[in-house]
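# Observations on the three-dimensional arrangement
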Amino acid sequence: MKLNYSQAMALAVRESLQQDPNVFLIGSIFAGLSAAGRAAFTPLVQDFSSRVVPAPVSELGLCGTAIGAALSGCRPLLDIGTASFAFQAWAQLANEAPNIHYMSGGRTPVPATFYLMTGIRGAGAAQHSHRIQAMLGNVPGLQLVLPATPGDAYAMLKWALLESSSPTAYISHCQLLEDEHEVDLAAPALPIGKARISREGRDLTIVAHSVMVPRALAAADRLAAEHGIEAEVIDMRSLCPLDRETMVRSVAKTGRALIPDECHLSFGAGAELAATLARDAFSYLKAPVHRVATPDVPIPFSPVLESALIVTPEKIASEALAMLNFQKS
Amino acid sequence: MKLNYSQAMALAVRESLQQDPNVFLIGSIFAGLSAAGRAAFTPLVQDFSSRVVPAPVSELGLCGTAIGAALSGCRPLLDIGTASFAFQAWAQLANEAPNIHYMSGGRTPVPATFYLMTGIRGAGAAQHSHRIQAMLGNVPGLQLVLPATPGDAYAMLKWALLESSSPTAYISHCQLLEDEHEVDLAAPALPIGKARISREGRDLTIVAHSVMVPRALAAADRLAAEHGIEAEVIDMRSLCPLDRETMVRSVAKTGRALIPDECHLSFGAGAELAATLARDAFSYLKAPVHRVATPDVPIPFSPVLESALIVTPEKIASEALAMLNFQKS
Amino acid sequence: MEDPVKHQKRLENMLRIRRFEEQVVRLSKAGGFPGHYHVYIGQEATAVTVCEQLEPHDMIFTTWRNHGHLLARGASPGRMLAEILGRATGLCRGKSGTLHLADKEIGMPATSAMVGGALPIATGAALGLKHRRSPGIVVAFFGDAALDEGAFYEAVNLAGLWKVPILYVCENNSIPPQKRRRGQFPSSSLNAAQLIDVPRALQIPSEVVDGADVDALCGCFRKLIAEVRTSASARFVEVRCTRWPGNVPLWPELPGGEWNLEWAFGAKPEPQDLAAWAEKSDPLLNYLRGLLEAGTLDRDIAFAVDARVRNEIADAVHFAESSPWPDPAEATRGTFAAERRT
Amino acid sequence: MEDPVKHQKRLENMLRIRRFEEQVVRLSKAGGFPGHYHVYIGQEATAVTVCEQLEPHDMIFTTWRNHGHLLARGASPGRMLAEILGRATGLCRGKSGTLHLADKEIGMPATSAMVGGALPIATGAALGLKHRRSPGIVVAFFGDAALDEGAFYEAVNLAGLWKVPILYVCENNSIPPQKRRRGQFPSSSLNAAQLIDVPRALQIPSEVVDGADVDALCGCFRKLIAEVRTSASARFVEVRCTRWPGNVPLWPELPGGEWNLEWAFGAKPEPQDLAAWAEKSDPLLNYLRGLLEAGTLDRDIAFAVDARVRNEIADAVHFAESSPWPDPAEATRGTFAAERRT
Ligand SMILES: Cc1ncc(C[n+]2csc(CCOP(=O)(O)OP(=O)(O)O)c2C)c(N)n1
Ligand SMILES: Cc1ncc(C[n+]2csc(CCOP(=O)(O)OP(=O)(O)O)c2C)c(N)n1
Ligand SMILES: [Mg+2]
Ligand SMILES: [Mg+2]
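Residues numbered from 1 in each chain as written. Chains lettered and ligands numbered in written order. Predicted model: local features only at pLDDT ≥ 70, side-chain atom pairs only at ≥ 80, totals over all residues. Heavy atoms only, no water.

Right, let's talk about the sheet that holds strand E5 (residues 113-118) of chain A for a bit. Residue and element names in this part refer to chain A. Read across the sheet, 7 strands follow the order E3-E2-E4-E5-E7-E6-E12 without closing on themselves; strand pairing throughout is mixed. Both edges of this open sheet fall to strand E3 (52-53) and strand E12 (238-240), since each of them pairs with a single strand only. Inspection of the sheet shows strand E6 (residues 143-145) paired to strand E7 (residues 168-173) by 3 bridges, in the parallel sense. Considered in E7, the bridge of Gln143 is made with Thr168. (Pairing = 2+ DSSP bridges. Helix = DSSP H or I, 4+ residues; strand = E, 2+ residues; numbered from the N terminus.)

What follows deals with the site of ligand 1. Surrounding ligand 1, one finds 19 residues, the nearest of these being Glu59 of chain B together with Trp64, Arg65, Asp144 and Asn173 of chain C. Those residues lying near ligand 1 are distributed over chains B and C. Taking Val115 of chain C, its main chain carries an N or O atom lying 2.9 Å from a nitrogen atom of ligand 1. Relative to its free-state accessible area of 580 Å², ligand 1 is covered by the protein chains to the extent of 93%. Split by residue class, the shell around ligand 1 holds 9 nonpolar, 5 polar and 5 charged. (Near = heavy atom within 4 Å. Polar contact = N/O pair within 3.5 Å; in protein donor to acceptor, adjacent residues only side chain to side chain. Areas by Shrake-Rupley, 256 points an atom, 1.4 Å probe, with all protein chains shown as cover. Nonpolar A, V, L, I, M, F, W, Y, C, P; charged D, E, K, R; others polar.)

Taken as a whole, this structure holds 26 aromatic pairs over all chains when the rule is applied. Aromatic pair Phe142 of chain C and Phe236 of chain C: ring centres 6.2 Å apart, planes at 55°, arrangement tilted. Here Phe236 of chain C lies in strand E5 (residues 235-240) and Phe142 of chain C lies in strand E2 (residues 138-143), a separation of 94 residues in the sequence. For the pair formed by Phe142 of chain C and Phe236 of chain C, the shared burial category is buried. Seen from their ring centres, Phe142 of chain D and Tyr168 of chain D are 6.4 Å apart, and the 75° between their planes marks the pair as edge-to-face. With a gap of 26 residues between them, Phe142 of chain D in strand E2 (residues 138-143) and Tyr168 of chain D in strand E3 (residues 166-172) connect regions that are remote in the sequence. No difference in accessibility class separates Phe142 of chain D from Tyr168 of chain D, as the two residues are buried. Members of the aromatic cluster, connected to one another through ring pairs, are Phe30, Phe41, Tyr115 and Tyr170 of chain A. In this structure, Arg87 of chain C is placed above the aromatic ring of Trp325 of chain C, and the distance from its NZ or CZ to the ring centre is 4.0 Å. (Phe/Tyr/Trp six-rings, centres within 6.5 Å; stacked < 30°, edge-to-face > 60°. Buried < 20%, exposed > 50% of the residue type's maximum accessible area, 1.4 Å probe, protein only. Lys NZ or Arg CZ within 6 Å of the ring centre and 35° of its normal.)

With that settled, the discussion passes to the side chain of Glu272 of chain B. As for its placement among the helices and strands, Glu272 of chain B is situated in helix H10 (residues 269-280). Excluding anything up to four places from it in sequence, Glu272 of chain B contacts Leu265, Ser266, Phe267, Gly268, Ala271 and Arg291 of chain A together with Leu242 and Arg244 of chain B. (Contact = heavy atoms within 4.5 Å.)

So, on to the relation of the copies chain B and chain A. For the pair chain B and chain A, the best superposition has an RMSD of 0.0 Å and corresponds to a rotation of 180° with a translation of 0.0 Å parallel to the axis. Taken together, the rotation angle and the small translation identify this as a two-fold axis. Most of the interface of chain B is mirrored in chain A, where 100% of its interface residues are also at the interface. (Least-squares fit on C-alpha atoms with pLDDT ≥ 70 in both.)

Our next topic: the coordination of the magnesium ion (ligand 3). All names here are of chain C. Coordination of the magnesium ion (ligand 3) by the protein is provided by Asp144 (OD) and Asn173 (OD1), with metal-donor distances spanning 2.0 to 2.1 Å. Here Asp144, found in the loop between E2 and helix H6 (150-162), pairs with Asn173, found in the loop between strand E3 (166-172) and helix H7 (197-201); they are 29 residues apart in sequence, far enough to count as distant. Like Asn173, Asp144 is buried. (Donors = N, O, S within 2.8 Å, 3.2 Å for Na, K, Ca; no water.)

Below, the discussion takes up unusual backbone geometry. Phi is mostly negative for residues that are not glycine, and the peptide bonds are mostly trans. Residue Cys240 of chain B is joined to Pro241 of chain B through a cis peptide bond whose omega torsion reads 0°. Position of Pro241 of chain B among the secondary structure elements: in the loop between strand E12 (238-240) and helix H9 (244-254). Going from Glu270 of chain D to Pro271 of chain D, the amide bond is cis rather than trans, its omega being -5°. A positive phi angle, close to 65°, is found at Phe267 of chain A, a residue other than glycine.

Next up on the list: the pairing of strand E2 (residues 23-26) of chain B. All names here are of chain B. Residues Val23 and Leu25 line one face of E2 and the alternating positions Phe24 and Ile26 line the opposite face, and both faces are buried. Relative to strand E4 (residues 75-82), E2 runs parallel, the two sharing 4 bridges. Within E4, the position partnered with Val23 by the bridge is Arg75. Note that E2 and strand E3 (residues 52-53) share 2 bridges and pair parallel. What sits directly across from Leu25, in E3, is Val52. For the crossover that starts at E2, traverses helix H2 (residues 35-47) and ends in the parallel E3, the hand is right-handed. (Right-handed = clockwise from strand over helix to strand, strands pointing away.)

Close to ligand 2 lie 19 residues, the nearest being Glu59 of chain A together with Trp64, Arg65, Asp144 and Asn173 of chain D. Looking at the residues close to ligand 2, they fall on chains A and D. Note that a nitrogen atom of ligand 2 is positioned 2.9 Å from one of the backbone N or O atoms of Ala113 of chain D. With respect to ligand 2, the backbone of Ala145 of chain D contributes an N or O atom lying 3.0 Å from an oxygen atom. Summarising the interface, the protein chains cover 94% of the accessible area of ligand 2, which totals 580 Å² for the free molecule. Taken together, the residues of the shell around ligand 2 break down into 9 nonpolar, 5 polar and 5 charged.

What follows is about the domain arrangement of chain A. Residues and elements named next belong to chain A. Parsing chain A into structural domains produces domain 1 (2-182) and domain 2 (196-324). Taken together, the contact between domain 1 and domain 2 spans 25 residues of the former and 25 residues of the latter. Roughly 2000 Å² of surface becomes buried between domain 1 and domain 2 when both sides are summed, with 59% attributable to carbon and sulfur atoms. Of all residues in domain 1, Ile120, Arg131 and Leu146 give up the largest surface area on contact with domain 2, accounting jointly for 27% of the area buried on that side. Linking domain 1 to domain 2 there are 2 salt bridges. Note that Asp152 is salt-bridged to Arg237, the shortest N-O span being 2.7 Å. There are 12 residue pairs in polar contact (both at pLDDT 80 or more) connecting domain 1 and domain 2. At the level of secondary structure, the elements contributing two or more residues to the side of domain 1 that touches domain 2 comprise helix H6 (133-137), E6 and helix H7 (150-163). Ranked by residue count, the leading element in the side of domain 1 that touches domain 2 is E6, at 3 residues. (Domains from an automatic or database assignment. Buried area = accessible area lost by both parts, 1.4 Å probe. Salt bridge = Lys/Arg side-chain N within 4 Å of Asp/Glu carboxyl O.)

Here you go:
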């Protein structure tokens, strides 16, 4: 079945609403300004209007209510919208939801899902372009899933809504919402917490997540076509749980790792991945672990300026080439 | 002159208030529950009561007002208090203050200082023990200073209040407030953005910041006394600007790097330091870069549980020993 | 309500909180547990009269000043104290401590120590109960400083918009502003003429009640909780308490030592501020004096109730102090809940 | 106020905004710039009548819907458009775009595109002006959805407590709730009976004014800004605007094409909703009709003013479109300001 990313999410929500009466939605925009997103979610929201709670522009309050609803036995899905708006809700997201189960001595589960649309969306400028996964990664107690494909968008959302008993930040990316793939809904899903080898290769490992996955695959195609270099591409899928083993095993094979990351470079998500490899794959590394990330500046509006900062397939490919030319001094 | 950390901060505030009429305070607790802190700040706040704006429990609003005051030509110092409360103010701290200068095309400076008391304080439990420097490190536009000594506490606060024209998160640590050192107020201060070699050594480099600095020094003493190992200890002092060169130069000499970090391990501040060394010091490394960090769990209340998580001098020393025994497989 | 048994029970419930809190102060001063903490002395009548009106499926949310709410709802004093001391037998295995005491079994699943933190959560719990068509309602207890926080405002607005069954109980124990000294936690720094003006602006029916007057509290909560139940919508109440002198310093004290039942029989406590408080503002003494005057209670029964409660609390202290420390390995367990099987 | 020159000037200022915004819509549809944006058509009278009362040292804060505020305050239309197109000559070197347009020289140092984001900042600017004993005051413009945010509540409370000179101008352009459709941005989802109930609860004197009535606006702002100046304290006003039909869809449209001066002389626009709006709710047409009726203005002058403004805006478009793109290296410059020398 061919599905785009937005359709896959909407289908997961629909099936979850059908399967469990305790699932309901707070807010109902989900896919922001994307036409595909609106097309996918509008009928869903119409069909289940009694299961949708209207949401004022009160991110902090809404995030707390999702937590509270989870405490009273429901499984709410809150649409926070653009990931930047999560900052308004940070006190609840980073200091309430993730602590409750632990603080209760393991008695109180919090099955709430927070929908976030992350990323440099194009003309979002400084305040609407945040990638918040590195920050949230430093919050123990919060699950962090970042599907890169329609298949994962579907399976991970169903898992969060129907199976997980812990708070989950479900992070989609503005630039993925229209991506269309063949999805086999019946196929057993790769477990949450397992990374996927999206492309096999022998020459270097590209450890990607979210929108970096299709860009890494494009870079890998180019490296193969133009330089005969076979890159292995890993889709991390979730940053918490974090599948360190799959990364390390791949680097044990290839000896080189490149980490494209849409976060700002310093203290971005890529830092954890690089630090992990630097330690656990030390003996296998033939070259230093490189990161290609968004520079440490706010995102500017002008398309000319914004595109200077984007981590593109070209930048990934050229960094890979530089790494392959590395000579230990 | 002997000063404890709290006295050093209070002195910096006093001199700044005296030197620049545009400096004023929003909130006036500063040192939380610490007796030394209160002793240092109480007289200051009495002497300058007309320069202190009383602060309700409105962290978000207060953070915004500090930004606004800076825009109208003042140099406010806002007491946010326990670093965990910064989550309430996150929307202003991470998405207003740091963007303004850049978004204005370089025209609008934001000379505001945000005082934060970070760290596992002892019995603060899950909600009052946050270390937020890794999260803030991923926010371009925010300066991040973390003095570890009374001397730096003094000099860095004066710099933020009198010289800097950009927003600064000034992060003290609960466990440092009573530390007393000899301080030479007249000595030229090490520039912001330069790391300090707090102890020279040849066998390995310990890259520390904030409360990890005295603990790393204690570990180094023990390593020297008990094992004849000479550790070099670096005090990073600020995470933004980040002095990557000093770290790399030290590791070029020692060949080994250990990063103690009070952040939770995953996506903590130590990840960036490790990732940097893994790349820029790759050729010098004789062993993988190790981190010793707080495990990825909320901070529990019970002293028995809390202390199981603390990054102590003992843990730092034993990790150093493990590293020195590393054999490339 | 003239049933003496009911009055004795209520007295006992209030006394249980008072005697418990005294032991908390004593244990802290004796080094029995580290860290900052908050006691509920002087506010007991609020928790007790609210909880009298609740049903098992109802939920409660509270703050750092939570001991009284848990006790009034029936939590085990021994397991609470064990938690406050950080022991393995604590309600939360030593992980919450005093600041986050919670007990899911009695409908108190999570306690936030952030000012205003629990208010959106409590509102969401009421939304969840409504979604599940549960007969339950929610009560949220919080301090006056919560009204400084945007979280309060957003939560109350959402409750109004969504029509969810919740009672907001603001326990205003603030030092009158003119008496506030620098360095104390600020509170009641709201520019409203009175706290209830804010929820009223959001069309939440709101009342003020005297926290030292047990009869008034009973009447108020009986009415409001019935309204919340039948209308399935929100109500707000400000309970005005005069801060107990032991709660004025940054760290709680026991001025005048343990509370003395003789104060209900004419004895005068010292120091002066305590005497003034005992004269007018202590809900427990007010209640006792009323019962004695009305002949609903006599001296012997009062002392017997107190003795029973003291024994119970002594047992709780013993249980807590003799409880084992948690296994340090417990520190790294329990961050995530086990997944559901679907 | 019967001075025809003043009226012409005001008309010109309003028309400048309208003609500017039409070009913004046109440029967006033509692919002249990427991304979402918001126009001020139908609200021009508010910005213009506020700015008439301001002095050079006053400060203004606004939102994503900022073009009208900048123009009314005297920003260069050419440099604004260049910014909206992302050019090097833009007010902010192409870094802000439409969402964050700011111009420090005219007292608009920073613009937040977060709902409620600017309100604490504006309040702090007023605090700063007070601290520096500046004669300046602050005006904060924002939409009705800001009242959903805790940031609004905290900011207004702080302004009240601290007594700082600020005028909060809420431009309520919401679609009436019954007309709101799913998928549109929610707004006016406040449970208050009217917006001003909230600032009033916080003891901020508050008023409502009709955003389509220029005389009422003039009177209101003259009075309120004088009050803010003399009392050095806060005021709140809700300006009720009827949303221009072009602002109803998620992306702005120009229903009926460019605004037509003939509509002031009896011609009827299409479609129907635009005609209804032009009849009653367009502040510009209302104002024109009034001036024409009173004889303060005649057809020739009106057309001359419009022609002048159109020329000015055409020049601005030309300037912007012929401006160079920024050097890509500019992207990584300007994050931090240079340190002061002390
Ligand atoms: C978000 C946040 N900011 C600050 C604090 C620190 N704090 C703890 S208690 C308190 C005062 C609370 O006063 P009130 O709400 O009146 O409750 P009370 O303790 O008087 O019962 C403050 C400011 C906190 N816990 N959370
Ligand atoms: C914190 C935050 N949440 C959500 C948004 C998305 N958003 C942009 S405009 C808008 C509606 C604003 O309505 P209103 O305040 O009435 O202003 P208007 O656009 O009608 O002038 C929303 C929700 C945002 N920009 N910031
Ligand atoms: Mg209080
Ligand atoms: Mg609006």
